[in-house]
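Residue-level structure breakdown
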Amino acid sequence: MSDTIEAGPHIGSVVRADAPPAIVMDKVNKWFGALHVLRDVSLNVALGERVVVCGPSGSGKSTLIRCINRLEQHQEGRIVVEGNELTDDLRSLDAIRREVGMVFQSFNLFPHLTILENCTLAPIWVRKMPKAEAEALAMEYLERVKIPEQAKKYPGQLSGGQQQRVAIARALCMKPKIMLFDEPTSALDPEMIKEVLDTMVGLAADGMTMVCVTHEMGFARQVADRVVFMDRGEIVESGTPTDMFETPKTDRLKLFLSQILRGH
Amino acid sequence: MSSTIDPRLLRTPPKKGIRLSWADERFRAIIWQILIVGIVVTIVWWLVRNTQHNLEVRRIATGFGFLQREAGLPIAESLIEYTPQNSYLVALTVGVLNTLKVAVVGVILATILGTMVGIARLSKNWLVAKIAAVYVEVIRDLPLLLQLLFWYTILQSLPGPRQAINPVSGVFLSNRGLKLPWIDWQGAHTAAMWVFVAGCIALFFVRAELRKRQYADGQPRAMWPWALGLLGLAPIAVWAAMGAPWTVDWPALRGFNFSGGVNMSPEYFALLIGLVTYTAGFIAEIVRAGILAVQQGQWEAAEALGLRRPQVLKLIVLPQALRVIIPPMTSQFLNLTKNSSLAVAIGYQDIVSIANTTLNQTGQAIEGIAIIMGVYLTISLSISLFMNWYNARIALVER
Amino acid sequence: MSDITLGTAAVPLTTPSRTPPVLVAGPVAWMRTNLFSGWFSTAVTLALGYLIITRAISFIDWAFLSAVWSVPGGNQTQVCRDMKGIGACWAVITEKHRFILFGTYPFDEHWRPALACLLFVGLYVVSAMRRFWRKELALIWIGMLTAIGILMWGGILGLSFVPQERWGGLPITLILSTFGLAFAFPLSILVALGRRSKMPAIKMLCVLYVELIRGVPLISLLFMASVMFPLFLPEGMNIDKLLRAQVAIILFAGAYLAEVVRAGLQALPKGQYEAADAMGLTYWQKTSFIVLPQALKTVIPPLVNTFIGFFKDTSLVLIIGIFDLLTAGKTAIVEPAWQGFGVEVYVFVGVIYFLFCYAMSKYSQGLEAELNNRRR
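What you see is a predicted model, and the numbers here were worked out from it, not measured in a lab. (Residues numbered from 1 in each chain as written. Chains lettered and ligands numbered in written order. Predicted model: local features only at pLDDT ≥ 70, side-chain atom pairs only at ≥ 80, totals over all residues. Heavy atoms only, no water.)

Overview of the overall build of chain B
- In terms of regular secondary structure, chain B is built from 12 helices and seven strands.
- Computed over C-alpha atoms, the radius of gyration of chain B comes to 29 Å, more than 25% over the 21 Å expected from 2.2 N^0.38 for 399 residues, which places it beyond the range of a compact globule.
- Dimensions of chain B, computed from the C-alpha atoms along their principal axes, are close to 105 × 80 × 50 Å.
- In chain B, which comprises 399 residues, the proportion classed as buried is 41%.
- Split by element, the accessible area of chain B, about 21,800 Å² in all, is 67% carbon and sulfur.
- Side chains of chain B give 33 positive and 20 negative charges; the mean places of these two sets differ by 6 Å. (Helix = DSSP H or I, 4+ residues; strand = E, 2+ residues; numbered from the N terminus. Rg over C-alpha atoms; globule rule 2.2 N^0.38 Å. Buried < 20%, exposed > 50% of the residue type's maximum accessible area, 1.4 Å probe, protein only. Areas by Shrake-Rupley, 256 points an atom, 1.4 Å probe, with all protein chains shown as cover. Lys, Arg positive; Asp, Glu negative; His and termini not counted. Charge placed at Lys NZ, Arg CZ, Asp CG, Glu CD.)

Given below as structure tokens:
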């Protein structure tokens, strides 16, 4: 299942050498109760860079990206997103959430709103956009994820893959500079994974800064500038997809790759 | 296409006649229905025959003619002018109004208390959550009638007016009930009240208009100045324009009892406390379930989009929670209304109590009970019709 | 895919585990997160804590330390009156508990209603146990209820005859609710099936019954039972008051239970009906072998809750003068010597009701959790 899409040719990095950092994480630590879930995690993501985070369950990869838009609060270290440091200050939090879009494993569409309303909600209430403009924008993105004809339906009437594409369109409607994906294909049936991954590849080709938690190795090979491997709360190894998958240095990554390839 | 179409292809489904045979399902259904309806009709006919016979033997005239007769029954508290010289019809009207008085106030207070307790049960503060949980468990596991008798006993064992408990100046709690200061009600107050009601309706349209304008240019508009103006300033302005009458009628001890102010009788007070605390226990569970029904992911997704917490609550969480809450809430409102009939046990004169006295005085048992049932069926149907309408309105959003 | 677990526990971590900067485990941390997690929470905790402690102290003082447990002569209540408002007068319970529990049943025969109550409790316990959820349970019910009838009435097996007018207290409450359930439950199943029937006349009758009953208060039905039933019956035929109230309670409970059963029928997947049809079963075979066993099992928790509801509601018979537990309690304080000790009596009666209802509600909650778990 880890190679649901054929690893096409790498779509080529657009990261310039002098690109400003989009995300800076410096020695971030976090605990759930007494459990140490992020251990001195340091990770820089440049503007336009695509990073895939992988690792076994419980490795802290989801917690890591949820810290970036403060759905979880880190307890030590610094996180700077687009020049804004994450603090308790609500204004910096507002600024960051406006620039960072997020796609969840379980879609989290709003069941009481139509697809179109799901997409226009944040532009209207956060970006203060006129409704007509927000709707035009939403239709543009819905067309991009190839489901404009579903705009008047409710989430419950769509398939999982369609829902996840709506969730991507919903996040894009805020015109974010960075997109976070938290295992976007894990809750999907195999035949729907491809449609979502295709959408994500398209997004990458447009130069979006992306941080994806995923085990889709084909996707990583095709898109990622860098793969980060986490285990038990720490970053064990990182590098280009080719280096990571063909010449893993640590035993832990070797073990992980062998388990993934066995088709877990 | 060939010009010779096989006629068998054009056949319509055959019309099946009912066969008069036990093997035919539809025949069987008809026989069953005739049988059961027949039994029911026979029983009803038998009961009616017996009743007619019994009424003749006891020389009881049927019909609602007695309603015009002088009631001669004293009623302690009434929302309208009433003396025992009035007819039974007026007495029963007083009863209906007394029922509504306790039901309407009870529904409002029980919703407020129940919502607070329901939210408290989800509090992160362990002590608050635990107290709310114990409250809900205890109140729901005791019969309402027992609770009413308990409250009534407590209120009756309070000291007399001379030693009344006086927690705040002007408020007296004694075995004669609760005395509160009240303004001397005049035309200006009534006018202000109507302006307030009109303001509520106007606010509804203002909200729609503000939303429309926001959709046009994107700028959100504050609602609170309108609310303040329509619900606060406008009624005050009308009241002031009509001479700003303001005389507070303070209750004061005269001899052995209070005069002035407004009185809440021990019966009404006990009934209200009992109904409110009891129903709140059930409403709390409904509110809690409604809030829990909205998944954590909804909060996260909305916040990740940049919505602030109050916006998430207003746009995402409440619309979803309300859909879960409203249907069971309706039946609690109905229950409270029906339970207010327990008033008869502690001597508050609601419709059941007055109709019961009426049927004892006149012997018109069938009419008396028909009146009670008619009143409650009307109230129940009205509440459920309104709630179904409201429910349909907010459920429309779903699918 | 996210369930890949890596067996790397043996591999040493590059960054060793540290304890978090703030204390996060142990009782102090528990209190910090659950009681004092901010100035507001702290203020609420302190205020509530103060209130609870002071209330608890004054309650303990009233209920135990300053309470009067017995009075001289059995009715010299001056001691109690002196302590009014300071200490509880449990003497009223000491003196009157037999009356509250068993009413005017002959004093020397009180063991009979007491045993009947125990049999009722036993019946509930047996019915609550999953291993007895079989057809035989109906036989157990019939047997137990017959035994209770023999105990209460007597007249055979050397037991003296006690007319129904002298029964009272807890047995009446248990009789009204248990017989109520025993008859209302089958009735409710028939009505629920009727309401889902394809036959319009039967469906309409059932809808009419359910909606009429649910639209009016129980009191109006009880009034009907006490003043209108005698008019319904042919001359000379008399049914005693308890039985009439019992009929009203059955009709009332039947309508509410029918709605619960109907919910269970609706929740049953359509495939079950179709499969039964495909097997060529008749309506009654299909209903009793396939539909009902499954539908009823899913609605047991709400059924228990409805039962709790009308167990409490049987207390309404007080209003038409039937001598149940609550009426007995209210009557116990009519005697001049004991007037004014209502709070003590109601607390006593309340505890009895609470024990029954709390046990049933805990049982239904446990069952619900269990059923939910199994479905997952």
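Side note on the pairing of strand β6 (residues 100-103) of chain A
Residue and element names in this part refer to chain A.
- Alternating residues of β6 divide into V100 and M102 and G101 and V103, and every residue in both groups is buried.
- Bridge count for β6 against strand β7 (residues 178-182) is four bridges, and the pairing is parallel. Paired with V100 across the strands is I178, a residue of β7. (Pairing = 2+ DSSP bridges.)

Topic: the packing of helix α5 (residues 111-128) of chain C against helix α7 (residues 170-195) of chain C
All names here are of chain C.
- Following both chains from N to C, one finds α5 and α7 inclined at 35 degrees, their axes separated by 9 Å at the closest point. Relative to α7, α5 is oriented so that their crossing is left-handed. Contacts from P113, C117, F120, L123 and Y124 in α5 reach L170, P171, L174, I175, S177, T178 and F179 in α7.
- Its residues placed into classes, the contact of α5 with α7 shows 10 nonpolar, two polar and no charged. (Axes fitted to C-alpha atoms, helices over the stretch in contact; angles between N-to-C directions. Left-handed = near helix turned anticlockwise from the far one by under 90°. Contact = heavy atoms within 4.5 Å. Nonpolar A, V, L, I, M, F, W, Y, C, P; charged D, E, K, R; others polar.)

Side note on the sheet that holds strand β1 (residues 21-32) of chain A
Residues and elements named next belong to chain A.
- Strand order in the open sheet made by the four strands is β2-β1-β4-β5, with antiparallel pairing throughout. Of all strands in the sheet, those with a lone pairing partner are β2 (35-46) and β5 (84-85), marking the two edges.
- Strand direction decides the pairing type here: strand β4 (residues 76-81) and β5, joined by two bridges, are antiparallel. Bridging across to β5, V80 finds its partner in E85.
- Running over the sheet, helix α1 (residues 61-68) touches β1, β2 and β4 and is turned about 120 degrees from β1.

Observations regarding the interface of chain C and chain B
- Listed as interface residues are 58 residues of chain C and, on the opposing side, 52 residues of chain B.
- With both chains or domains summed, chain C and chain B bury close to 4,600 Å², and 75% of this area falls on carbon and sulfur atoms.
- Taken as a group, L231, K312 and Y346 of chain C account for 14% of the area that chain C buries against chain B, more than any other trio of residues on that side.
- Taken together, chain C and chain B are joined by one salt bridge.
- A salt bridge links E137 of chain B to K362 of chain C; the nearest nitrogen and oxygen atoms lie 3.9 Å apart.
- The interface formed by chain C and chain B includes 12 residue pairs in polar contact (both at pLDDT 80 or more). (Buried area = accessible area lost by both parts, 1.4 Å probe. Salt bridge = Lys/Arg side-chain N within 4 Å of Asp/Glu carboxyl O. Polar contact = N/O pair within 3.5 Å; in protein donor to acceptor, adjacent residues only side chain to side chain.)

Let's talk about the packing of aromatic side chains
All names here are of chain C.
- Here the structure, examined in full by the defined rule, presents 23 aromatic pairs over all chains.
- Ring centres 5.4 Å apart and planes at 35 degrees place the aromatic pair F311 and F356 in the tilted group. You can see F311 sitting in helix α13 (residues 300-313) and its partner F356 sitting in helix α15 (residues 342-375), a full 45 residues away along the chain.
- A relative accessible area of 17% means that F356 is categorised as buried.
- Aromatic pair W338 and F341: ring centres 6.2 Å apart, planes at 70 degrees, arrangement edge-to-face. Neither W338 nor F341 differs from the other in exposure class; each is buried. (Phe/Tyr/Trp six-rings, centres within 6.5 Å; stacked < 30°, edge-to-face > 60°.)

Things to note about the pattern of salt bridges
Residue and element names in this part refer to chain A.
- Evaluation of the coordinates by the stated rule reveals 30 salt bridges over all chains.
- For E246, the salt bridge identified is with R221, shortest N-O distance 3.5 Å. Note that E246 is positioned in helix α8 (residues 241-246) and R221 in helix α7 (residues 217-223), a separation of 25 residues in sequence.
- Taking the relative accessible area as the measure of exposure, R221 reaches 34% and is therefore partly exposed.
- A salt bridge links E234 to R252, with the nearest nitrogen and oxygen atoms 2.7 Å apart. Here E234 is found in strand β10 (residues 234-239), whereas its partner R252 is found in helix α9 (residues 251-261), with 18 residues between them in sequence.
- Several salt bridges share partner residues, and in doing so they unite D231, R232, E234 and R252 into one network.

Comments concerning the packing of helix α4 (residues 144-156) of chain B against helix α7 (residues 266-293) of chain B
Residue and element names in this part refer to chain B.
- Interhelical geometry of α4 versus α7 gives an angle of 140 degrees and a closest axis separation of 9 Å. When the axes of α4 and α7 are compared, the pair comes out oblique. Where α4 crosses over α7, the two elements pack in a sense that is right-handed. Residues L144, Q147, L148, W151, Y152 and L155 of α4 form the contact with α7, whose participating residues are P266, E267, F269, A270, L271, I273, G274, L275, T277 and Y278.
- Along the lines of polarity and charge, the residues of the contact of α4 with α7 split into 12 nonpolar, three polar and one charged. (Parallel < 35°, antiparallel > 145°, perpendicular 65-115°, else oblique.)

What to know about helix α14 (residues 325-332) of chain C
- With six of eight residues buried, α14 of chain C is to be regarded as a mostly interior element.
- Among the residues making up α14 of chain C, those that are buried are L325, L326, T327, A328, G329 and A332 of chain C.

Digging into the state of the cysteines
All names here are of chain A.
- Scanning all chains against the criterion turns up zero disulfides over all chains.
- C54 takes part in no disulfide bond, and the closest cysteine sulfur to it belongs to C212, at a distance of 11 Å.
- With no disulfide partner, C173 has as its closest neighbouring cysteine sulfur the one in C119, 4.6 Å distant.
- We classify C173 as buried; its relative accessible area is 0%. (Disulfide = S-S within 2.5 Å.)

Remarks on a nonpolar patch on the surface
Residue and element names in this part refer to chain B.
- A contiguous nonpolar surface patch, about 1,000 Å² in accessible area, is contributed by W182, W185, M193, W194, F196, V197, I201, F204, F205 and V262.
- Looking at the nonpolar patch element by element, the count peaks at seven residues for helix α5 (residues 187-217).
- Take F204: it is sitting in helix α5. (Patch = residues over 30% accessible without salt bridge, like charges linked within 9 Å, V, L, I, M, F, W, Y side chains within 5 Å.)

Thoughts on helix α9 (residues 309-339) of chain B
- For α9 of chain B, built from 31 residues, the straight-helix expectation of 45 Å at 1.5 Å per residue is missed by more than 12%, its first-to-last C-alpha distance being only 39 Å.
- Maximum bend of α9 of chain B: about 45 degrees, positioned at V317 of chain B, with proline P319 of chain B one to four residues after it. (Expected span 1.5 Å × (residues − 1). Bend = angle between axes of the 7 residues up to and from the residue.)

Examining the nonpolar core
- If you look at the biggest cluster of nonpolar residues, it comprises 272 residues, and the most contacted ones within it are M179 and M210 of chain A.
- With 13 residues, the single largest contributor to this core is helix α10 (residues 241-267) of chain C.
- Setting aside residues up to four positions removed in sequence, M210 of chain A forms contacts with E49, R50, V51, M179, F181, M200, L203, A204 and F219 of chain A. (Core = buried A, V, L, I, M, F, W, Y, C linked by side-chain atoms within 4.5 Å.)

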